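Structural features, examined
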Amino acid sequence: MKSVPHPLRGALAAVCAASALTAALPAHAAGYPDRAISLVVGYPAGGSVDLTARLFGEELAKRLGQSVVVENVGGAGGTIGAQRVARAAPDGYTLLLGSTNEMVIARMINNAVKYDSVKDFSALGVIASQPMLLAASKNSGVKTAADYLQKLRAAAPGSFNYGSSGVGTTLHLAGEMINQATATRAEHVPYRGVSPLVTDLMSGQLDFGMLVLSSGLPQVRGDKIVALGVTEKKRSPVAPDLPALAETPGFESVDISVWFALYGPAGLPEPVAAKLRDALADTLKSEQFRVKMQEAGGVLSQPGLDPVAYQAEETRKYGALVKAAKIEAQ
C-alpha cells in the first residue's frame, strides 16, 4: 500500500487533533449557550452601570440566541457582585458588567476586597464610557472653568468644597485629578450616593460637585446647576455644547471617565470566550446600540481595544490619584 503523501498526512493529523480537542471540551463549551445567561451588576437598578447592562444584555441575547437576565447584586461599591462572578463556575453563564470602581479602584482602598481583577476574571472587552461633569451651584457665582480656577487660586486652600458619591469612587478621584492638574485645593465632601449631592448642590449647601454626565445633565438642562466642563479630553457627543475642562488653560491634563466592560470568571474555555468577544464586537458595530447608549450618556468603545492593556493603564492612572489624594486602604 502506498503511504499517504506528506502534505495530506499533515492535514489529516490536524483534523484529528481538532476533533480530539472538540471532544475534550466540556459539553457546555461545545454547545454554548444552551440556556439563559446571568449578567451581574454590582449596583442597584437605575444607575449608569445597570442601564448599560440592560441595553447591552438585549444586544447580547440577540447575538447568542439565549435570554440574558440582568441580576442586581448591590453593595460595597460593586464589589459584592464582582466577587460573586469571580467565584462562579467558568462556564459562560455568569458574567459581570463591570465598571471602573469595582474593577480598578476598590482593591486599592479596601483591604476587604479579596479578588484580583486581573487573575480572577476573564476580560472580554470594553463596552462604553462616559465622562464626568464638574458642576457648580448657581449660588457660587462661578459660570465657567476659568471662573472656577480664578476663584480657587485667589482663596485659601480648603475655602471651597466639592462633593462626590463617596470616598474612593471614580467621582472622588476625578475631583482629585482636577485639584492636582490645577494646583488648587477644593475639599472633598463624600455623600451616600448622587441624589443628596445634587440636592445640596441645587440648594447652595455645596459649592461644586462631580457627577457622571448622565446624572448631571438633567439638572444642567433644567437650569438648576451650572456645568463647568466634562472630564474627558474632548467634548462628549452626548452634550457637544458643554466644553471639555481641558479646553481651559490650567485643566489641560484632565482626562478621566467612567467605563463599562464585560467580564467572566477566570478560566473560561476559549470557545466560550471567543463567542462572547465576537458578540461584543458585533454589538459595537450596531448603530441602534450606539444611539441607545448615547441617549443614556455613554459613548461606545473603539472596536479592537485590548481590555487587559486598557485596564492596566487605568490602574496606573487611578493608582497615582489614590496616592496623590492620600487615600489609605481600610
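Residues numbered from 1 in each chain as written. Predicted model: local features only at pLDDT ≥ 70, side-chain atom pairs only at ≥ 80, totals over all residues. Heavy atoms only, no water.

What to know about the layout of surface pockets
Where empty space is left becomes clear once a probe the size of a water molecule has been rolled over the atoms. There is about 840 Å³ of room inside the largest pocket. If you trace the largest pocket, you find 30 residues lining it, with Tyr43, Asn101, Ser165, Thr169 and Val194 closest to the centre. Of all the secondary structure elements, the ones that give two or more residues to the lining of the largest pocket are helix 3 (48–64), helix 5 (100–109), helix 7 (170–182), helix 8 (194–203) and helix 9 (213–221). By residue class, the composition of the lining of the largest pocket is 13 nonpolar, 16 polar and one charged. Around the second largest pocket, the lining is made up of 15 residues, and of these Ser129, Glu232, Val299, Leu300 and Ser301 lie nearest the centre. Elements represented by at least two residues in the lining of the second largest pocket include exactly strand 4 (121–136), strand 9 (257–265) and strand 10 (299–300). Here the element with the most residues in the lining of the second largest pocket is strand 4; it accounts for three residues. (1 Å grid on protein atoms, 1.4 Å probe; cavity = no way out; pocket = protein on both sides within 12 Å on 5 of 7 lines; lining within 4 Å. Points joined across faces, edges and corners; volume = space filled by probe spheres on them. Helix = DSSP H or I, 4+ residues; strand = E, 2+ residues; numbered from the N terminus. Nonpolar A, V, L, I, M, F, W, Y, C, P; charged D, E, K, R; others polar.)

What about the packing of aromatic side chains?
For any pair of aromatic rings, the description consists of the separation of the ring centres together with the inter-plane angle of the planes. This structure, assessed with the given rule, holds eight aromatic pairs. Relative to Tyr263, the ring of Phe121 lies with its centre 5.9 Å away and its plane at 70°, an arrangement referred to as edge-to-face. Of this pair, Phe121 sits in strand 4 while Tyr263 sits in strand 9; the two residues are 142 residues apart in sequence, bridging distant segments of the chain. Residue Tyr263 is classed as buried on the basis of its relative accessible area of 2%. For the pair Tyr148 and Phe208, a centre-to-centre distance of 4.8 Å together with 75° between the ring planes defines the contact as edge-to-face. Of this pair, Tyr148 sits in helix 6 (residues 145–154) while Phe208 sits in strand 7 (residues 208–212); the two residues are 60 residues apart in sequence, bridging distant segments of the chain. (Phe/Tyr/Trp six-rings, centres within 6.5 Å; stacked < 30°, edge-to-face > 60°. Buried < 20%, exposed > 50% of the residue type's maximum accessible area, 1.4 Å probe, protein only.)

Quick notes on the nonpolar core
In terms of nonpolar packing, the biggest core is built from 81 residues, with Phe56, Leu97, Tyr148, Phe208 and Leu276 touching the most fellow members. Counting residues per element, this core draws most heavily on strand 4, which supplies eight residues. The residues contacting Phe56, other than those within four sequence positions of it, are Leu39, Leu97, Ile127, Leu262, Leu280, Thr283 and Phe289. Of all hydrophobic cores here, the second largest spans 18 residues; its members include Leu197, Leu206, Leu213 and Ala227. (Core = buried A, V, L, I, M, F, W, Y, C linked by side-chain atoms within 4.5 Å. Contact = heavy atoms within 4.5 Å.)

Side note on the pairing of strand 7
Consecutive side chains of a regular strand alternate in pointing toward one face of the sheet and then the other. Most of strand 7 sits out of view: five of its five residues are buried. Here strand 7 shows no split at all, with Phe208, Met210 and Val212 on one side and Gly209 and Leu211 on the other all buried. Where strand 4 meets strand 7, five bridges bridge the pair, whose relative direction is antiparallel. Looking across to strand 7, one finds that Ala135 is bridged to Gly209. Here two bridges tie strand 5 (residues 161–164) to strand 7, and the two strands are oriented parallel to one another. When the bridges of strand 7 are listed, Gly163 appears paired with Gly209. (Pairing = 2+ DSSP bridges.)

Regarding unusual backbone geometry
What is expected of a backbone is that most residues other than glycine have negative phi and most peptide bonds are trans. Here the residue pair Tyr32 and Pro33 is connected by a cis peptide bond, since its omega of -10° sits within 30 degrees of zero. Structurally, Pro33 is set in the loop between helix 2 (27–30) and strand 1 (37–41). A positive phi angle is found at Ala76, which is not glycine, with a value near 55°. Summarising the element assignment, Ala76 is placed in the loop between strand 2 (68–72) and helix 4 (79–87). Backbone geometry at Lys326 places phi at a positive 55°, although glycine is not the residue there. Summarising the element assignment, Lys326 is placed in the segment after helix 12 (307–324).

Without other data, these values stay purely geometric and don't point to any function.
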